[in-house]
Amino acid sequence: MFGGVFGGGSQKPVQSAPMGGMPGMGQGQGQMDPNAQLAAAEQEMEMVTDMFARLGELCNKKCILQRYSDEDLTKAESVCIDRCVAKYFQVNREVSDKLAKLSQVNQ
Amino acid sequence: MYNNYGPSYQEQRLQQMMEQKQLKDFMRMYSNLVSRCFDDCVSDFTSNKLGDKELTCVTRCTLKNMKMNERVGQRFAEENAKLMEEQAKLGN
């Protein structure tokens, strides 16, 4: 369940920690005033939950055959999900790297 | 406004925000689940009651999607932790 990402259940909590993958994020937050800090934390939370929702939707579409012959995940589906999440994050890294390079070139 | 309060107040506010977010996301997940299982399982309108096949399908659909969500959440947390480690290394 989504709730696991922010703590609860057996998942590792990802609480108020900066979400990587965006150039320049999660650095130097100690310098900001508390108001801005709170706003930034909220922004990051929004990003993480949005990413999770998209990821969930896409991997579901790509990995779950809608026949529902069984209530458990098949081995194939489980493996597919693991790989799907891993690749999504790789795409995330690639895109943010390329964007960072582009913005450097423009400066 | 927040300048007068210590870091524990901020943590409280953050905690509140996270809880609200979790609730909102749970509601959204529930709605999506209903939509998806209806879409995938129901197409026979010769009756206004769900047939046995449809009921079974809906049960399986719900359980399977919940399990999938859970697994995605686990993998997501792992990958995100990895990513943050990398970011932290770059930042130092």
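Keep in mind the model is a prediction, meaning the values are calculated, not measured. (Residues numbered from 1 in each chain as written. Chains lettered and ligands numbered in written order. Predicted model: local features only at pLDDT ≥ 70, side-chain atom pairs only at ≥ 80, totals over all residues. Heavy atoms only, no water.)

*Asks:* Would you mind showing me how to read the overall build of chain B here?
*Replies:* Counting its regular elements, chain B contains 2 helices and 0 strands. Computed over C-alpha atoms, the radius of gyration of chain B comes to 21 Å, more than 25% over the 12 Å expected from 2.2 N^0.38 for 92 residues, which places it beyond the range of a compact globule. Judged by the C-alpha coordinates and their principal axes, chain B covers about 65 × 35 × 15 Å. Of all 92 residues assigned to chain B, the portion counted as buried reaches 33%. Surface accessibility of chain B: about 6300 Å² in total, with carbon and sulfur atoms responsible for 52%. (Helix = DSSP H or I, 4+ residues; strand = E, 2+ residues; numbered from the N terminus. Rg over C-alpha atoms; globule rule 2.2 N^0.38 Å. Buried < 20%, exposed > 50% of the residue type's maximum accessible area, 1.4 Å probe, protein only. Areas by Shrake-Rupley, 256 points an atom, 1.4 Å probe, with all protein chains shown as cover.)

*Asks:* Help me understand the overall build of chain A in this model?
*Replies:* A count of helical and extended segments in chain A gives 2 helices and 0 strands. Here chain A holds 107 residues, and the buried ones make up 36% of them. Residue pairs in contact within chain A that sit at least 24 positions apart in sequence constitute 47% of those at least 6 positions apart. Split by element, the accessible area of chain A, about 6400 Å² in all, is 54% carbon and sulfur. (Contact = heavy atoms within 4.5 Å.)

*Asks:* Is there a simple way to explain the pattern of salt bridges in this structure?
*Replies:* Note on pairing: side chains with opposite charge can pair once their charged atoms come close. For the coordinates displayed, the defined rule picks out 12 salt bridges over all chains. Arg75(B) is the partner of Asp82(A) in a salt bridge, and the nearest nitrogen-oxygen pair spans 2.7 Å. Of this pair, Asp82(A) sits in helix α2 (residues 75-106) while Arg75(B) sits in helix α2 (residues 52-91), which puts the two residues in different chains. One salt bridge connects Lys82(B) with Glu79(B), and the closest N-O pair in it is separated by 3.6 Å. With Lys82(B) and Glu79(B) both in helix α2, this residue pair falls 3 residues apart, about one helical turn. A relative accessible area of 43% means that Lys82(B) is categorised as partly exposed. Assessed through its relative accessible area of 11%, Glu79(B) is described here as buried. Through salt bridges with shared partners, a single network forms among Asp82(A), Arg71(B), Arg75(B) and Glu78(B). (Salt bridge = Lys/Arg side-chain N within 4 Å of Asp/Glu carboxyl O.)

*Asks:* I keep staring at the packing of helix α1 (residues 34-63) of chain A against α2(A) and nothing clicks. Help me out?
*Replies:* The relative placement of two packed helices is expressed as an angle between their axes plus a distance between the axes. Residues and elements named next belong to chain A. Two elements in contact, α1 and α2, have axes whose closest approach is 10 Å; the angle formed by their N-to-C orientations is 135°. Between α1 and α2, the angle is such that the two are oblique. Where α1 crosses over α2, the handedness of that crossing is right-handed. Facing α1, whose interface residues are Met51, Arg54, Leu55, Leu58, Cys59, Lys62 and Cys63, α2 presents Glu77, Cys80, Ile81, Cys84, Val85, Tyr88, Phe89 and Asn92. (Axes fitted to C-alpha atoms, helices over the stretch in contact; angles between N-to-C directions. Parallel < 35°, antiparallel > 145°, perpendicular 65-115°, else oblique. Left-handed = near helix turned anticlockwise from the far one by under 90°.)

*Asks:* Teacher, can you tell me more about helix α1 (residues 7-41) of chain B here?
*Replies:* Every α-helix carries 3.6 residues per turn, so stepping three or four residues along brings you back to the same face. Spanning 35 residues, α1(B) covers 50 Å between terminal C-alpha atoms, matching the ideal 51 Å at 1.5 Å per step. When we look at burial in α1(B), the residues that qualify are Gln10(B), Leu14(B), Met17(B), Met18(B), Lys21(B), Asp25(B), Met29(B), Leu33(B), Arg36(B), Cys37(B) and Cys41(B). Buried residues along α1(B) sit in contact with α1 of chain A together with α2 of chain B. (Expected span 1.5 Å × (residues − 1).)

*Asks:* Could you clarify how one ought to interpret the packing of α1(A) against α2(B) in this entry?
*Replies:* Across the interface, α1(A) lies against α2(B) with an axial gap of 10 Å and an inter-helix angle of 130°. Our classification of the angle between α1(A) and α2(B) gives oblique. Note that α1(A) runs across α2(B); the crossing there is right-handed. On α2(B), the residues touching Val48(A), Met51(A), Phe52(A), Leu55(A), Gly56(A) and Asn60(A) of α1(A) are Asn65(B), Met68(B), Asn69(B), Val72(B), Gly73(B) and Phe76(B).

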